[in-house]
Amino acid sequence: MEEKSKIMVEHVVVWNRCLEIIKDNIPSVSFKTWFLPIKPLKLTNKVLTIQVPSPFFYEYLEEQYIDILRSTLKKELGIGAKLEYNVVMDKERTDKQLYTVAYPEKSKSVPENKPFSMSIAASADKSIRNPFVIPGLQKLHVDPQLNAEYTFNNFIEGECNRLVRSAGIAVSSKPGGTAFNPLFIYGNSGLGKTHLAQAIGIQVKEQYPQKIVLYVSSNKFITQYTDSIRKNNLNDFIHFYQMIDVLIIDDVQEFAGKDKTQNTFFHIFNHLQQSGKQLILTSDKPPVELKGMNQRLLSRFKWGLAAELSNPDYLTRLAILRHKIYKEGLSIPEEVVEFIATHVKNNVRELEGTLISLLAQSTLNKKEITLELAKELINKIVVNTKKILSIDEIQKIVCDHFNLNVNVLQSKSRKREIVQARQMAMYFSKNLTKFSLAVIGSKIGGKDHTTVLHAYKTITNMLETDKVFKKDLFEIEQKLLLA
Ligand code: ADP
Ligand code: MG
């Protein structure tokens, strides 16, 4: 009896002695993270079997602690000692699926693609499904989803992006190894967040081809998460993300209000960060201004560096345009370039958009790219999207155009010209402001939202059929845009 209980606990004793040694040789955080969760299961003929919580866990141990495990075991059990792992494949399934990996004492240093070989072994029967794996390759290969154009070389440096850009370069030369983890890039739309985040990914891949890099938009992440719930393979989803070395998540403001996704992301985030993996997040707002976010997730966002991309200054705008023109092999007069750089101020995407429209216009109409053409275009497309108009201004400009007193729009009059002016004001308010249909209606003649919608449709129809009307509308639009 006594003999039997001694045999039963021997594995525990041996493992505890190993732990004593390991504990003194690695940082205490690592010890707690990677060794305390291990359960010794049995010891037979110098083969110690331990249970680890996930395939990732096994991989990490093999990658980071193979040497200390080997030597400790040898010390405790002598020559011929072996370690076997039981890996819990899926904690949530009731029937625990275990599988065993023999760990021969002689196995020398970790081969190149070792860290992920386990997942492949596992995928023979219990596949770790993930949406980015390219099938048919021997090694686990994740398509990083990077756009080759978005390099650092193509990302023009300026006052507006100096800090983020240099943080990005630091991160790519030492992913996971700087204080910038996560690197949180924020700024308005069109200022280069996606470009910069991708540039980091590209650079990492160049310097460390073995590292697993993944770019994913928050929306895609949300969809994948939802799918995994529907298909009952959330654990595969989590495991997959936990294997990434450099994870780039674009537009995290999209996580707002999605509690369950945030929760899962929180776990992935923690895991990656604890394992020294790099996270890069982008958002249209700084962490403090993000609404609908779980507090503990938000607090994580603030751990690394949050840095802003701001509006490009004139010289940067000029440099970006010139770079683009040069790269595309275009020829555009310098005065036109300067004109665009002067007038398109808020947004790099718009800067590029203007250039593209200008090219399109000149090709379509067989016109040369002149200052005139640039001016015409900028009036149309740029001022258009930037100018913030009030509903009152719109009513005034519409009425001025038809020589009407602005008050008539508020009257009950059903006179054709007044009805039409009212409808136009509604149409422009819907197009050029962010007000709801209900607000627009209440401001223009005290109508309800269905009237506004009807007006909008009527105007849109007339636009297609009535040339004179179209000309009127276009003229008013120009006045509005230049107001
Ligand atoms: P965001 O993700 O912030 O909305 P993007 O990264 O999509 O913005 O950038 C919009 C466009 O502007 C892209 O085509 C990008 O290449 C370009 N761009 C932004 N910043 C720069 C820059 N500093 N130099 C060159 N191109 C830039
Ligand atoms: Mg973007």
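Look up a bit, the structure's there.
Residues numbered from 1 in each chain as written. Chains lettered and ligands numbered in written order. Predicted model: local features only at pLDDT ≥ 70, side-chain atom pairs only at ≥ 80, totals over all residues. Heavy atoms only, no water.

A. Highlighting the nonpolar core. Counting residues in each nonpolar core, the largest one holds 32 residues, and the members touching the most others are F221, Y241, L247, I249, F265 and F301. The set of elements that each furnish at least two residues to this core consists of β5 (183-186), β6 (213-217), α8 (218-230), α9 (234-242), β7 (246-250), α10 (259-274), β8 (278-283) and α11 (295-301). Core analysis: the next-biggest nonpolar cluster, separate from the first, contains 26 residues, W34, F35, L69 and L77 among them. (Core = buried A, V, L, I, M, F, W, Y, C linked by side-chain atoms within 4.5 Å. Buried < 20%, exposed > 50% of the residue type's maximum accessible area, 1.4 Å probe, protein only. Helix = DSSP H or I, 4+ residues; strand = E, 2+ residues; numbered from the N terminus.)

B. Region of the structure containing the site of ligand 1. Every one of the 17 residues lining ligand 1 counts as a neighbour, but I156, G190, T194, H195 and E352 are closest to it. The separation between an oxygen atom of ligand 1 and a polar side-chain atom of K193 is 2.8 Å. Between ligand 1 and the protein, one listed contact pairs an oxygen atom with a side-chain N or O atom of T194 at 2.7 Å. Surface burial for ligand 1 is 90%, taken as the share of its 560 Å² of free accessible area covered by protein chains. Contributions of two or more residues to the shell around ligand 1 are made by α7 (193-207) and α14 (348-364). Residues belonging to the shell around ligand 1 are distributed by class as follows: 6 nonpolar, 8 polar and 3 charged. The two domains that each donate at least three residues to the shell around ligand 1 are domain 2 (162-308) and domain 3 (314-384). (Near = heavy atom within 4 Å. Polar contact = N/O pair within 3.5 Å; in protein donor to acceptor, adjacent residues only side chain to side chain. Areas by Shrake-Rupley, 256 points an atom, 1.4 Å probe, with all protein chains shown as cover. Nonpolar A, V, L, I, M, F, W, Y, C, P; charged D, E, K, R; others polar. Domains from an automatic or database assignment.)

C. Quick look at the pattern of salt bridges. One pass over the full model with this rule turns up 14 salt bridges. Here E76 ties to R17 by a salt bridge, and the two come within 2.6 Å at their closest N and O atoms. One end of the pair, E76, is in helix α4 (residues 66-77); the other, R17, is in helix α1 (residues 2-25), with 59 residues separating them in the sequence. In this structure, K324 engages E352 in a salt bridge whose closest nitrogen and oxygen atoms are separated by 3.7 Å. Of the two residues, K324 sits in helix α12 (residues 314-328) while E352 sits in helix α14, which places them 28 residues apart along the sequence. Accessibility expressed as a relative area gives 22% for K324, which makes it partly exposed. Relative accessible area serves as the criterion here: at 28%, E352 is assigned to the partly exposed category. Overlapping salt bridges, with partners in common, bring together E157, E159, R162 and R165 in one network. (Salt bridge = Lys/Arg side-chain N within 4 Å of Asp/Glu carboxyl O.)

D. Seen up close, the sheet that holds β5. Strand order in this open sheet of 5 strands is β6-β7-β8-β5-β9, and the pairing throughout is parallel. Two strands in the sheet have a free side with no partner beyond their single neighbour: β6 and β9 (305-308). Direction aside, neighbouring strands of the sheet carry axes that sit 15 degrees apart on average. Both β5 and β8 contribute to a ladder of 4 bridges, which runs parallel. Note on β8: the bridge partner recorded for L183 is I280. Together, β6 and β7 form the strand contacts of α8, whose direction differs from that of β6 by roughly 90 degrees. (Pairing = 2+ DSSP bridges. Axes fitted to C-alpha atoms, helices over the stretch in contact; angles between N-to-C directions. Contact = heavy atoms within 4.5 Å.)

E. The packing of aromatic side chains, seen in detail. In the structure shown here, the tally under the stated rule is 16 aromatic pairs. Members of the aromatic cluster, each reached through a chain of ring pairs, are F184, Y186, F221, Y225, F237, F240, Y241, F255, F265, F269 and F301. Lying across the ring of Y208, K211 places its NZ or CZ 5.4 Å from the centre. In this structure, R296 is placed above the aromatic ring of F266, and the distance from its NZ or CZ to the ring centre is 3.9 Å. (Phe/Tyr/Trp six-rings, centres within 6.5 Å; stacked < 30°, edge-to-face > 60°. Lys NZ or Arg CZ within 6 Å of the ring centre and 35° of its normal.)

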